[in-house]
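Read off the chains here:
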Amino acid sequence: MLDVLLKGHDYKYEVAELIKMFTHDLNFIDSIEEDKIENITNDKKEENRSLMINSLSLEGDTLSSEVKCYRDGEVIFEHKERNSLEIYRKLNFDQVDLEDGNLIKDIFKSLSKEDQMIAKKSCKETVKRSFYVVLKELYDVYVPWGILTGIRPVKVVHNLLSEGFSESQIKENLKENYFISDDKIDLCLNIAKKERTFIYPIDENKISLYLSIPFCPTRCLYCSFPSNSLADFGHLKSVYVDKLIEEIKAVSILIKNTGKEIETLYIGGGTPTTLSAEEMDKLINALFSELDLSKILEFTVEAGRPDTITREKLEVLKKHNVSRISINPQTMNDETLVKIGREHKVEEIRECFYMAREMGFDNINMDIILGLIDEDLEMVRNTLEEIEKLSPESLTVHTMAIKRASNLKINMDKYKDKLTHDKEVIKMIDLSMKYAYEMGLNPYYMYRQKHMVGNLENIGYAKDGYECIYNIQVMEEKQSNYALGAGSISKFVYNDENRIERVENVKNVEHYIDRVEEMTHRKEKEVYKNVNKSS
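First things first, this report covers the structure right here in the doc. (Residues numbered from 1 in each chain as written. Predicted model: local features only at pLDDT ≥ 70, side-chain atom pairs only at ≥ 80, totals over all residues. Heavy atoms only, no water.)

### So, helix H10 (residues 277-290)
The following threshold applies: Comment: elements are numbered from the N terminus, with helices defined as DSSP H or I runs of at least four residues and strands as E runs of at least two. How far a helix is expected to stretch is found by multiplying one less than its residue total by 1.5 Å. Each residue gets one of three labels from its accessible area relative to the maximum for its type: buried under 20%, exposed over 50%, partly exposed in between, using a 1.4 Å probe on protein chains only. Contacts: residue pairs with any heavy atoms within 4.5 Å of one another.
When the terminal C-alpha atoms of H10 are compared, their 20 Å separation across 14 residues agrees well with the 20 Å that a helix rising 1.5 Å per residue should span. For H10, every residue scored as buried is listed here: Ala277, Glu279, Met280, Asp281, Leu283, Ile284, Ala286 and Leu287. Buried residues in H10 make contact with strand E6 (206-213), helix H9 (237-257), strand E9 (261-269), strand E10 (298-304) and helix H11 (311-319).

This is how it looks when you write it as structure tokens:
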């Protein structure tokens, strides 16, 4: 158990997220007397119990974050991280004792909003660096992303590039300030350079549009997305499509009234191809009749699982000029498909892929997941070799994440001994990168998730010219994303204010059907509030 005491700040969330990359056995305490330290760290009931005390202080223009790690009443590791900023000279802290409770917020009130943001970011990063150095001494854990705990590490590189940093300066910054490993720095840089050709110059009038189809044949073991089994909720598909069209009509008015232009269109899930051919045709017809889609650069539909794909459904997608589909095997090993709750065979994946090719689909993505239960390196190699034979235009490589709402997490006691070891997953991600390059696929976008096995990442690879623009825009958050349907989350991006507002739709499909009008009102409220403010 690791007990943690913070002095002078309340960055508990940030510290906890960092520590969780090393251990989940942590406990925050509010205070402790010096003569009690030995008691807490010498608990006979719990071996290797440690205490970390972090103190944040300001000395002149220098911010200091010191971490001391105690065991058996003695300091076994300690580190002080310092950070000097001109902003700190503006602070009025003469009569403030930072260690006497949480007073950082009060001190920062004297700064402008812009300076407050800079100072708080600096404080958080300084605190995290001090913890990281000590945690690395305490735990033998692979943490290639250093102190970065967010899901979008490439955004850091984009910000530095926009500020005029050279590549060598960026590498130095990421290494010294974030402790990122060299290979991940190179990955971030290469992806950022690729993405910038699609993101910049930023056009505030362009948006992406997402539609959620929250139905699946069965719920996969690892899934936490809105997913309603056909056995229990299939009877709601038709009425759901009708209600989704109602939301499309309302949002189309919103888009027209604000002069927005749809750049990319994405139908995801769940599994969109759980809709019948007739339901899919009705939905897409409504999209083209209600919205101006004459300028879209990309139209993606997740065909997803082969047990939902038919020739009739692919004909509907082809008729409506869907430019990109995703056929997602996750693994090409039959025994694993059974274990993760998929009711299809590897051969069905091949058949669906070849059928799509024969029908003229020339931009097909495939998803795989590394670290699935009971899979080893050779099984991943088999998956990659089978995909290499198919030669898709893009491949998205996910690392297993233990998501809170998944059946895997709920039944962790049953599966914890079946999960792939971190060191094995590292080999898997290296192997997947090797095969991707051999297939002529290059990394074009990347993101991380909480509780990922091996503290790794998800990477999208694509042949040149086949990068998914929607994925890039949604991940780097420089463009607003209007999301429709149950469980979807719209993101309204205000680049000039460095601000993003999220507007959620209800997750429950029955609630969505009953409250679709409320979902559109939520978006209208956010959009018109900001239109009126700017005018």
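### Some words on the nonpolar core
The criterion, for reference: Think of a nonpolar core as a cluster: buried Ala, Val, Leu, Ile, Met, Phe, Trp, Tyr and Cys residues, connected wherever their side-chain atoms sit within 4.5 Å.
Counting residues in hydrophobic clusters, the biggest one holds 135 residues, and the most contacted among them are Phe131 and Leu211. Discounting chain neighbours no more than four positions away, the residues touching Leu211 are Leu244, Ile248, Leu265, Tyr266, Ile267, Gly268, Leu283, Leu287 and Leu484.

### Some remarks on the environment of His320
Counting through the fold element by element, His320 comes out in the loop between H11 and strand E11 (324-327). Between the C-alpha atoms of His320 and Phe288, which are 32 residues apart in sequence, the distance is 8.9 Å. Sequence-distant contacts of His320, that is, excluding residues within four places in its chain, are made with Asp281, Ile284, Asn285, Phe288 and Phe299.

### With respect to unusual backbone geometry
Note that the residue after Tyr200, namely Pro201, is joined by a cis bond; omega there is -5°. Topologically, Pro201 is positioned in the loop between helix H7 (182-199) and E6. Following Gly269, the chain continues to Gly270 via a peptide bond in cis, the omega torsion being 15°. Mapped onto the elements of the fold, Gly270 is located in the loop between E9 and H10. One non-glycine residue, Phe179, lies in positive phi territory at about 65°.

### Quick notes on the sheet that holds strand E5 (residues 74-84)
As a reminder, the rule being used: Here, strands pair whenever DSSP counts at least two bridges between them. Axis lines are fitted through C-alpha atoms, for helices just across the contact stretch, and the angle between N-to-C directions can take any value from 0 to 180 degrees.
The strand order E2-E1-E3-E4-E5 describes an open sheet built from five strands, whose pairing is mixed. Each edge of the open sheet is held by one strand with a lone partner, namely strand E2 (26-29) and E5. For this sheet the average axis-to-axis angle between neighbouring strands, irrespective of direction, equals 20°. The pairing of strand E4 (residues 62-71) with E5 spans 10 bridges and is classified as antiparallel. Opposite Thr62, over in E5, you have Ser84 as the bridge partner. Strands strand E1 (2-7) and E2 of the sheet are contacted by helix H1 (residues 12-19), whose axis makes an angle of about 155° with E2.

### So, the pairing of strand E14 (residues 442-447)
Of all the six residues making up E14, five are buried; the element is thus mostly covered by neighbouring parts of the structure. Pairing geometry for E14 and strand E15 (residues 458-462), over five bridges, is antiparallel. Bridging from a neighbouring strand, Met446 pairs with Ile459 of E15.

### Details of the packing of aromatic side chains
The geometry of an aromatic ring pair is captured by two quantities: the separation of the ring centres and the angle between the planes. We apply this condition: Aromatic rings from Phe, Tyr and Trp, taking only the six-membered ring of Trp, are treated as a pair when their centres fall within 6.5 Å; an angle between ring planes under 30 degrees marks them as stacked, one over 60 as edge-to-face, and anything in between as tilted. Placement of a charge over a ring requires the Lys NZ or Arg CZ to be within 6 Å of the ring centre, with the centre-to-atom vector within 35 degrees of the ring normal.
One pass over the full model with this rule turns up 14 aromatic pairs. With a centroid separation of 6.0 Å and 25° between ring planes, the pair formed by Tyr210 and Tyr266 is classed as stacked. Within this pair, whereas Tyr210 is found in strand E6, its partner Tyr266 is found in strand E9, the two being separated by 56 residues in sequence. Here Tyr210 matches Tyr266 in class, with each residue buried. One Lys or Arg, Lys318, reaches over the ring of Phe361 and ends 5.0 Å from the middle of that ring. It is Lys434 that lies over the ring of Tyr435; its NZ or CZ is 5.0 Å from the centre.

### Details of the layout of surface pockets
Formally: For each structure, a 1 Å grid was placed over the protein atoms alone; sets of points admitting a 1.4 Å probe that cannot get out are labelled cavities, open sets with protein on both sides within 12 Å along at least five of seven lines are labelled pockets, and lining residues have an atom within 4 Å of a point. Grid points are joined across faces, edges and corners, and a volume is the space filled by probe spheres set on the points. Any residue outside Ala, Val, Leu, Ile, Met, Phe, Trp, Tyr, Cys, Pro, Asp, Glu, Lys and Arg is labelled polar, Gly included; the first ten of those are nonpolar and the last four are charged.
The volume enclosed by the second largest pocket comes to roughly 390 Å³. Contributing to the lining of the second largest pocket are 22 residues, with Glu204, Lys260, Val493, Tyr494 and Asn530 lying nearest its centre. Taken together, the elements giving at least two residues each to the lining of the second largest pocket come down to strand E16 (480-484), strand E17 (489-494) and helix H19 (509-534). Here the lining of the second largest pocket takes five residues from H19, the largest share from any one element. When the residues that make up the lining of the second largest pocket are grouped by side-chain class, the tally is six nonpolar, seven polar and nine charged.

### Thoughts on the pattern of salt bridges
Using the following cut-off: The term salt bridge refers to a pairing of a side-chain nitrogen on Lys or Arg with a carboxyl oxygen on Asp or Glu at a separation within 4 Å.
Counted according to the given criterion, the structure contains 35 salt bridges. Of the charged contacts, one joins Lys155 and Glu477 as a salt bridge, the two residues approaching to 2.8 Å between their closest N and O atoms. Within this pair, whereas Lys155 is found in helix H5 (residues 154-162), its partner Glu477 is found in the loop between helix H18 (469-476) and E16, the two being separated by 322 residues in sequence. Measuring nitrogen to oxygen at the nearest pair gives 3.0 Å for the salt bridge that ties Arg499 to Glu501.

### A look at the packing of helix H14 (residues 377-390) against helix H17 (residues 422-438)
This is how it is decided: Convention used here: angles under 35 degrees read as roughly parallel, angles over 145 as roughly antiparallel, angles from 65 to 115 as roughly perpendicular, and any remaining angle as oblique. Crossings are assigned a handedness: left-handed for a near helix turned anticlockwise from the far helix by less than a right angle, right-handed for a clockwise turn.
Relative to each other, H14 and H17 sit at 15°, their axes nearing to 10 Å. Taken together, H14 and H17 sit at an angle that is classed as roughly parallel. Pair H14 / H17 crosses with right-handed handedness. Each of Leu377, Val380, Arg381, Leu384, Glu385 and Glu388 in H14 lies in contact with H17, whose residues at this interface are Glu424, Lys427, Met428, Leu431, Ser432, Tyr435 and Glu438. Class assignment for the residues of the contact of H14 with H17 results in six nonpolar, one polar and six charged.

### What about H17?
With 17 residues, H17 should cover 24 Å at 1.5 Å per step; its first-to-last C-alpha distance of 25 Å lies within 8% of that length. Count one or two residues on from H17 and you reach Gly440, which has phi positive near 80°.

### Considering the environment of Asn333
Position of Asn333 relative to the elements: it lies in the loop between E11 and helix H12 (334-339). Those residues in contact with Asn333 that lie beyond four places of it in its chain are Val346, Glu375, Met379, Asn382 and Thr383.

### A word on the packing of H7 against H18
A packed helix pair is summarised by two numbers, namely the angle formed by the two axes and the spacing between the axes. Relative to each other, H7 and H18 sit at 100°, their axes nearing to 10 Å. In this view, H7 runs roughly perpendicular relative to H18, as classed from their interaxial angle. Two secondary-structure elements touch here, H7 through Glu195, Phe198 and Ile199 and H18 through Ile469, Ile472, Gln473 and Glu476. Taken together, the residues of the contact of H7 with H18 sort by class into four nonpolar, one polar and two charged.

### Quick look at the side chain of Glu467
What counts here: Under the rule applied, a polar contact is a pair of N or O atoms within 3.5 Å (in protein, one hydrogen donor and one hydrogen acceptor; residues adjacent in sequence only if both atoms are side-chain atoms).
Its place among the elements puts Glu467 in the loop between E15 and H18. Take Glu467: its relative accessible area is 8%, and that puts it in the buried class. Within the local environment of Glu467, its side chain forms a polar contact with the side chain of Lys194, the two groups lying 3.4 Å apart. Separated by 3.1 Å, the side chain of Glu467 and the backbone nitrogen of Gly465 make a polar contact. Those residues in contact with Glu467 that sit more than four places away from it in its chain are Lys194, Phe198, Glu298, Tyr444, Ala462 and Ile472.

Honestly, that's just the spatial picture; any functional story needs more than this.
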